[in-house]
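Topology and contacts: notes
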Amino acid sequence: MSLTSDPPLDRPTGPHTDSGTATDTDGGVDHGALTVVPVRHPWRWVAVAVTAVLLAQFLHGLVTNPGWEWDVFARFFTAGTILKAVGVTLQLTFYGTVLGFALGIVLAFMRLSASPFLSAVAYAYIWAFRSIPLIVQLLFWFNLAYLYKELQFGIPFGPGFFSFDTMNLVGAMSAAVLGLALHQAAYAAEIVRGGVLAVDSGQLEAAAALGIPRYRQLCRIVLPQAMRSILPNAANEIISLFKGTSIVSVMAIGELFYQVQVVYGRNGRVVPLLMVATVWYILLTTALSVLQHYVERHYAKGAAR
(Lines give C-alpha, C1' and ligand atoms only; values in the text may rest on other atoms or scores of the structure.)
Protein backbone atom coordinates (compact mmCIF):
# COMPACT_ATOMS: atom_id res chain seq x y z
CA MET A 1 0.00 0.00 0.00
CA SER A 2 1.44 3.39 -1.00
CA LEU A 3 1.91 5.95 1.76
CA THR A 4 1.67 8.89 -0.65
CA SER A 5 -0.98 10.14 -2.98
CA ASP A 6 1.35 10.10 -6.01
CA PRO A 7 0.71 7.34 -8.51
CA PRO A 8 3.47 4.76 -8.91
CA LEU A 9 5.94 5.34 -11.71
CA ASP A 10 6.16 2.70 -14.40
CA ARG A 11 9.65 1.28 -15.08
CA PRO A 12 10.67 1.93 -18.69
CA THR A 13 10.54 -1.21 -20.81
CA GLY A 14 12.26 -0.07 -23.99
CA PRO A 15 15.98 0.23 -24.71
CA HIS A 16 15.68 4.04 -24.46
CA THR A 17 13.70 6.28 -22.18
CA ASP A 18 11.55 9.13 -23.44
CA SER A 19 14.35 11.61 -22.72
CA GLY A 20 16.82 9.73 -24.89
CA THR A 21 18.96 8.28 -22.09
CA ALA A 22 20.37 4.84 -22.85
CA THR A 23 19.24 2.09 -20.47
CA ASP A 24 20.03 -1.55 -19.99
CA THR A 25 17.44 -4.34 -20.03
CA ASP A 26 16.78 -3.94 -16.29
CA GLY A 27 15.89 -0.28 -16.67
CA GLY A 28 19.20 1.09 -15.32
CA VAL A 29 21.34 3.65 -17.11
CA ASP A 30 23.85 2.16 -19.56
CA HIS A 31 26.95 4.26 -18.75
CA GLY A 32 28.92 2.70 -21.58
CA ALA A 33 26.63 4.32 -24.15
CA LEU A 34 27.00 7.83 -22.70
CA THR A 35 29.14 10.42 -24.52
CA VAL A 36 31.89 11.81 -22.30
CA VAL A 37 32.56 15.49 -22.92
CA PRO A 38 35.82 16.83 -21.38
CA VAL A 39 35.64 19.96 -19.28
CA ARG A 40 36.84 22.94 -21.21
CA HIS A 41 39.09 25.57 -19.63
CA PRO A 42 39.28 28.49 -22.06
CA TRP A 43 40.71 30.96 -19.54
CA ARG A 44 43.48 28.54 -18.65
CA TRP A 45 44.63 28.56 -22.26
CA VAL A 46 44.41 32.36 -22.31
CA ALA A 47 46.66 32.50 -19.22
CA VAL A 48 49.11 30.05 -20.84
CA ALA A 49 49.24 32.13 -24.02
CA VAL A 50 49.80 35.42 -22.18
CA THR A 51 52.50 33.89 -19.96
CA ALA A 52 54.26 32.34 -22.96
CA VAL A 53 54.27 35.68 -24.83
CA LEU A 54 55.68 37.55 -21.82
CA LEU A 55 58.35 34.88 -21.29
CA ALA A 56 59.31 34.97 -24.97
CA GLN A 57 59.60 38.78 -24.84
CA PHE A 58 61.81 38.57 -21.76
CA LEU A 59 64.11 35.97 -23.34
CA HIS A 60 64.24 37.99 -26.56
CA GLY A 61 65.29 41.04 -24.58
CA LEU A 62 68.01 39.07 -22.81
CA VAL A 63 69.46 37.96 -26.14
CA THR A 64 69.10 41.11 -28.23
CA ASN A 65 69.49 43.97 -25.72
CA PRO A 66 73.11 45.18 -25.97
CA GLY A 67 72.93 46.59 -22.44
CA TRP A 68 73.43 43.11 -20.98
CA GLU A 69 76.92 42.94 -22.57
CA TRP A 70 77.13 39.16 -22.68
CA ASP A 71 80.69 39.29 -24.01
CA VAL A 72 81.78 41.02 -20.79
CA PHE A 73 79.78 38.48 -18.79
CA ALA A 74 81.55 35.58 -20.53
CA ARG A 75 84.96 37.14 -19.95
CA PHE A 76 84.52 37.57 -16.20
CA PHE A 77 82.31 34.57 -15.36
CA THR A 78 85.28 32.22 -14.95
CA ALA A 79 87.89 34.83 -14.12
CA GLY A 80 90.35 33.85 -11.40
CA THR A 81 89.24 36.54 -8.97
CA ILE A 82 85.59 35.54 -9.37
CA LEU A 83 86.32 31.84 -8.84
CA LYS A 84 88.34 32.66 -5.73
CA ALA A 85 85.46 34.77 -4.44
CA VAL A 86 83.04 31.88 -5.04
CA GLY A 87 85.33 29.70 -2.92
CA VAL A 88 85.26 32.24 -0.09
CA THR A 89 81.46 32.36 -0.28
CA LEU A 90 81.26 28.57 -0.05
CA GLN A 91 83.65 28.56 2.92
CA LEU A 92 81.53 31.10 4.79
CA THR A 93 78.39 29.08 4.04
CA PHE A 94 79.96 25.79 5.14
CA TYR A 95 81.43 27.06 8.40
CA GLY A 96 78.34 29.10 9.25
CA THR A 97 76.08 26.09 8.60
CA VAL A 98 78.14 23.51 10.50
CA LEU A 99 78.83 25.68 13.54
CA GLY A 100 75.37 27.23 13.50
CA PHE A 101 73.48 23.95 13.44
CA ALA A 102 75.83 22.34 15.97
CA LEU A 103 75.08 25.13 18.43
CA GLY A 104 71.43 25.19 17.33
CA ILE A 105 70.96 21.51 18.28
CA VAL A 106 72.35 22.23 21.74
CA LEU A 107 70.06 25.24 22.14
CA ALA A 108 67.05 23.26 20.93
CA PHE A 109 67.50 20.58 23.56
CA MET A 110 68.18 23.23 26.18
CA ARG A 111 64.77 24.72 25.36
CA LEU A 112 63.21 21.27 25.59
CA SER A 113 64.96 20.61 28.90
CA ALA A 114 62.99 20.20 32.11
CA SER A 115 65.38 22.69 33.74
CA PRO A 116 63.77 26.15 33.81
CA PHE A 117 67.20 27.79 33.93
CA LEU A 118 68.53 26.05 30.79
CA SER A 119 65.28 26.67 28.96
CA ALA A 120 65.32 30.36 29.89
CA VAL A 121 68.97 30.79 28.80
CA ALA A 122 68.25 29.17 25.43
CA TYR A 123 65.14 31.27 24.96
CA ALA A 124 67.05 34.47 25.79
CA TYR A 125 69.79 33.59 23.28
CA ILE A 126 67.28 32.89 20.51
CA TRP A 127 65.34 36.06 21.30
CA ALA A 128 68.48 38.23 21.27
CA PHE A 129 70.11 36.90 18.11
CA ARG A 130 66.86 36.92 16.14
CA SER A 131 66.17 40.50 17.23
CA ILE A 132 69.56 42.05 16.36
CA PRO A 133 70.19 42.56 12.61
CA LEU A 134 72.96 40.39 11.19
CA ILE A 135 74.99 43.34 9.93
CA VAL A 136 75.05 44.81 13.46
CA GLN A 137 76.24 41.48 14.89
CA LEU A 138 79.02 41.26 12.32
CA LEU A 139 80.26 44.77 13.08
CA PHE A 140 80.21 44.05 16.82
CA TRP A 141 82.40 40.98 16.40
CA PHE A 142 84.67 42.83 13.99
CA ASN A 143 85.20 45.52 16.64
CA LEU A 144 85.67 43.11 19.55
CA ALA A 145 89.11 44.55 20.31
CA TYR A 146 87.51 47.95 20.94
CA LEU A 147 85.28 46.46 23.65
CA TYR A 148 87.78 44.04 25.23
CA LYS A 149 91.49 44.82 25.02
CA GLU A 150 92.47 41.38 26.27
CA LEU A 151 90.92 38.10 27.34
CA GLN A 152 91.95 36.28 30.52
CA PHE A 153 91.53 32.64 31.50
CA GLY A 154 91.52 31.67 35.15
CA ILE A 155 89.25 31.40 38.16
CA PRO A 156 85.89 33.13 37.61
CA PHE A 157 85.82 36.49 39.44
CA GLY A 158 89.36 35.69 40.62
CA PRO A 159 92.93 35.87 39.35
CA GLY A 160 93.69 34.97 35.74
CA PHE A 161 96.30 32.40 34.77
CA PHE A 162 97.09 33.74 31.31
CA SER A 163 95.74 36.33 28.90
CA PHE A 164 96.19 37.41 25.29
CA ASP A 165 95.56 40.49 23.22
CA THR A 166 92.34 40.63 21.20
CA MET A 167 93.67 43.02 18.57
CA ASN A 168 94.75 40.21 16.25
CA LEU A 169 92.44 37.54 17.66
CA VAL A 170 89.35 38.25 15.57
CA GLY A 171 90.09 39.19 11.99
CA ALA A 172 87.59 39.95 9.27
CA MET A 173 87.14 36.33 8.17
CA SER A 174 86.85 34.91 11.69
CA ALA A 175 84.44 37.70 12.68
CA ALA A 176 82.29 36.86 9.66
CA VAL A 177 82.23 33.13 10.47
CA LEU A 178 81.49 33.82 14.13
CA GLY A 179 78.71 36.27 13.35
CA LEU A 180 77.08 34.05 10.72
CA ALA A 181 77.29 30.94 12.93
CA LEU A 182 75.86 32.59 16.05
CA HIS A 183 73.09 34.20 14.02
CA GLN A 184 72.29 30.93 12.25
CA ALA A 185 72.21 29.01 15.54
CA ALA A 186 69.19 30.98 16.75
CA TYR A 187 67.12 29.95 13.72
CA ALA A 188 68.52 26.40 13.62
CA ALA A 189 67.49 25.88 17.25
CA GLU A 190 63.84 26.61 16.48
CA ILE A 191 63.92 24.41 13.37
CA VAL A 192 65.33 21.47 15.32
CA ARG A 193 62.97 22.04 18.25
CA GLY A 194 59.98 22.07 15.91
CA GLY A 195 61.12 18.82 14.28
CA VAL A 196 61.56 17.09 17.63
CA LEU A 197 58.15 18.25 18.83
CA ALA A 198 56.61 16.84 15.64
CA VAL A 199 57.58 13.30 16.73
CA ASP A 200 54.77 11.53 18.54
CA SER A 201 55.46 11.39 22.27
CA GLY A 202 54.24 7.80 22.28
CA GLN A 203 57.43 6.83 20.45
CA LEU A 204 59.51 7.86 23.46
CA GLU A 205 57.11 6.24 25.90
CA ALA A 206 57.33 2.96 24.01
CA ALA A 207 61.13 3.19 23.86
CA ALA A 208 61.33 3.91 27.58
CA ALA A 209 59.05 0.95 28.30
CA LEU A 210 61.46 -1.27 26.36
CA GLY A 211 64.38 0.01 28.42
CA ILE A 212 66.17 1.72 25.52
CA PRO A 213 68.76 4.23 26.81
CA ARG A 214 67.98 7.93 26.36
CA TYR A 215 70.89 8.57 23.99
CA ARG A 216 69.81 5.68 21.77
CA GLN A 217 66.22 6.93 21.86
CA LEU A 218 67.43 10.28 20.57
CA CYS A 219 69.74 8.98 17.83
CA ARG A 220 67.73 6.00 16.56
CA ILE A 221 64.11 7.00 17.17
CA VAL A 222 63.62 10.75 17.56
CA LEU A 223 66.07 12.32 15.11
CA PRO A 224 65.38 10.02 12.09
CA GLN A 225 61.68 10.87 12.34
CA ALA A 226 62.30 14.54 13.12
CA MET A 227 64.54 14.93 10.08
CA ARG A 228 61.52 14.77 7.78
CA SER A 229 60.25 17.98 9.40
CA ILE A 230 63.66 19.55 9.92
CA LEU A 231 65.13 19.16 6.43
CA PRO A 232 62.88 21.48 4.35
CA ASN A 233 63.24 24.39 6.78
CA ALA A 234 66.93 23.69 7.34
CA ALA A 235 67.58 23.71 3.59
CA ASN A 236 65.81 27.05 3.29
CA GLU A 237 68.01 28.47 6.05
CA ILE A 238 71.19 27.17 4.41
CA ILE A 239 70.22 28.71 1.06
CA SER A 240 69.37 31.98 2.81
CA LEU A 241 72.73 31.89 4.58
CA PHE A 242 74.49 31.24 1.27
CA LYS A 243 72.92 34.32 -0.28
CA GLY A 244 73.24 36.27 2.97
CA THR A 245 77.01 35.93 2.95
CA SER A 246 77.00 38.95 0.64
CA ILE A 247 76.41 41.09 3.74
CA VAL A 248 79.99 40.46 4.93
CA SER A 249 81.10 42.78 2.12
CA VAL A 250 80.80 45.57 4.72
CA MET A 251 83.99 44.14 6.26
CA ALA A 252 85.84 44.08 2.91
CA ILE A 253 85.94 40.28 2.73
CA GLY A 254 86.55 39.06 -0.81
CA GLU A 255 83.39 36.99 -1.21
CA LEU A 256 81.44 36.90 -4.48
CA PHE A 257 79.37 40.06 -4.23
CA TYR A 258 82.25 42.14 -2.85
CA GLN A 259 84.58 41.00 -5.61
CA VAL A 260 81.98 41.81 -8.26
CA GLN A 261 81.65 45.30 -6.77
CA VAL A 262 85.43 45.75 -6.93
CA VAL A 263 85.56 44.72 -10.60
CA TYR A 264 82.70 46.90 -11.82
CA GLY A 265 84.05 49.75 -9.70
CA ARG A 266 87.15 49.62 -11.90
CA ASN A 267 85.69 49.05 -15.36
CA GLY A 268 82.19 50.51 -14.96
CA ARG A 269 80.45 47.38 -16.37
CA VAL A 270 77.82 47.18 -13.64
CA VAL A 271 75.09 45.10 -15.31
CA PRO A 272 77.21 42.25 -16.74
CA LEU A 273 79.17 41.92 -13.48
CA LEU A 274 75.95 41.78 -11.48
CA MET A 275 74.78 39.06 -13.87
CA VAL A 276 78.00 37.15 -13.13
CA ALA A 277 77.12 37.15 -9.42
CA THR A 278 73.48 36.34 -10.16
CA VAL A 279 74.25 33.30 -12.31
CA TRP A 280 76.76 31.95 -9.78
CA TYR A 281 74.19 32.30 -6.99
CA ILE A 282 71.57 30.54 -9.15
CA LEU A 283 73.90 27.66 -10.04
CA LEU A 284 75.06 27.04 -6.47
CA THR A 285 71.54 27.40 -5.05
CA THR A 286 70.33 24.86 -7.61
CA ALA A 287 73.07 22.45 -6.53
CA LEU A 288 71.99 22.85 -2.90
CA SER A 289 68.37 22.24 -3.88
CA VAL A 290 69.29 19.02 -5.70
CA LEU A 291 71.25 17.85 -2.65
CA GLN A 292 68.25 18.68 -0.46
CA HIS A 293 66.03 16.54 -2.70
CA TYR A 294 68.19 13.44 -2.32
CA VAL A 295 68.66 13.88 1.43
CA GLU A 296 64.91 14.30 1.90
CA ARG A 297 64.25 11.20 -0.19
CA HIS A 298 66.66 9.24 2.01
CA TYR A 299 64.87 10.20 5.22
CA ALA A 300 61.42 9.75 3.63
CA LYS A 301 61.88 5.98 3.28
CA GLY A 302 58.83 4.22 4.62
CA ALA A 303 56.82 7.44 4.94
CA ALA A 304 53.52 7.76 3.14
CA ARG A 305 53.32 10.52 0.55
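Above this text you will find the structure in question.
Residues numbered from 1 in each chain as written. Predicted model: local features only at pLDDT ≥ 70, side-chain atom pairs only at ≥ 80, totals over all residues. Heavy atoms only, no water.

Structural notes on the overall build of the chain
For the chain, the helix and strand inventory stands at eleven helices and two strands. Starting at the N terminus, the α and β elements of the chain follow one another as α-α-α-α-α-α-β-β-α-α-α-α-α. Taken over 305 residues, the chain has a buried fraction of 29%. Across the chain, every contact between residues at least 6 apart in sequence was considered, and the portion connecting residues at least 24 apart equals 67%. Approximately 20,200 Å² of the chain is accessible, and the part contributed by carbon and sulfur atoms is 65%. (Helix = DSSP H or I, 4+ residues; strand = E, 2+ residues; numbered from the N terminus. Buried < 20%, exposed > 50% of the residue type's maximum accessible area, 1.4 Å probe, protein only. Contact = heavy atoms within 4.5 Å. Areas by Shrake-Rupley, 256 points an atom, 1.4 Å probe, with all protein chains shown as cover.)

Some words on the packing of helix H5 (residues 134-142) against helix H7 (residues 172-197)
Packing of H5 against H7 leaves a shortest axis separation of 8 Å and a crossing angle of 135 degrees. Comparing the axis directions of H5 and H7 gives the class oblique. Crossing geometry of H5 relative to H7 is assigned as right-handed. Seen from H5, the contacting residues are Leu 134, Gln 137, Leu 138, Trp 141 and Phe 142; seen from H7, they are Ala 172, Ala 175, Ala 176, Leu 178, Gly 179, Leu 180, Leu 182 and His 183. (Axes fitted to C-alpha atoms, helices over the stretch in contact; angles between N-to-C directions. Parallel < 35°, antiparallel > 145°, perpendicular 65-115°, else oblique. Left-handed = near helix turned anticlockwise from the far one by under 90°.)

Re the pattern of salt bridges
A full pass over the atoms with the stated rule returns three salt bridges. A salt bridge links Arg 269 to Glu 69, with the nearest nitrogen and oxygen atoms 3.4 Å apart. With Arg 269 in the loop between helix H10 (256-267) and helix H11 (270-299) and Glu 69 in the loop between helix H1 (42-64) and helix H2 (70-77), this residue pair connects regions lying 200 residues apart in the sequence. A residue is classified by how much of its surface remains accessible, and Glu 69, at 21% relative accessible area, is partly exposed. The partner of Glu 190 in a salt bridge is Arg 193, and the shortest N-O contact between them spans 3.0 Å. Here the residue Glu 190 and the residue Arg 193 both occupy positions in helix H7, the gap between them amounting to three residues, near one helical turn. (Salt bridge = Lys/Arg side-chain N within 4 Å of Asp/Glu carboxyl O.)

A closer look at the nonpolar core
Soluble globular proteins tend to pack their nonpolar side chains together in the buried interior. Of all hydrophobic cores here, the largest spans 19 residues; its most connected members are Phe 76, Ile 82, Leu 256, Val 260, Leu 273, Val 276 and Trp 280. Mapped onto this core, the elements with two or more residues apiece are H2, helix H3 (80-111), H10 and H11. Sorting elements by how many residues they give to this core places H11 first, with seven residues. Here Val 276 is in contact with Phe 73, Phe 76, Phe 77 and Ile 82, once residues within four sequence places are set aside. Judged by nonpolar contacts, the second largest core, of 14 residues, contains Leu 138, Val 170, Ala 176 and Met 251. (Core = buried A, V, L, I, M, F, W, Y, C linked by side-chain atoms within 4.5 Å.)

Overview of H5
Taken together, the buried positions of H5 are occupied by Leu 134, Gln 137 and Leu 138. For H5, the angular spread of the buried residues around the axis is 100 degrees, confining them to a single face. Looking at the packing, one finds that the buried side of H5 touches helix H4 (116-131) and H7. (Arc of directions from axis to C-beta.)

Observations concerning H2
Note: α-helices contain 3.6 residues per turn, so residues at a spacing of three or four share the same orientation. For H2, the set of buried residues is Val 72, Phe 73, Phe 76 and Phe 77. Burial along H2 is one-sided: seen end-on, the buried residues are contained in an arc of 125 degrees. Structural note: H2 exposes Asp 71, Ala 74 and Arg 75 on the side pointing more than 90 degrees away from its buried face. Taken together, the buried residues of H2 touch H3, H10 and H11.

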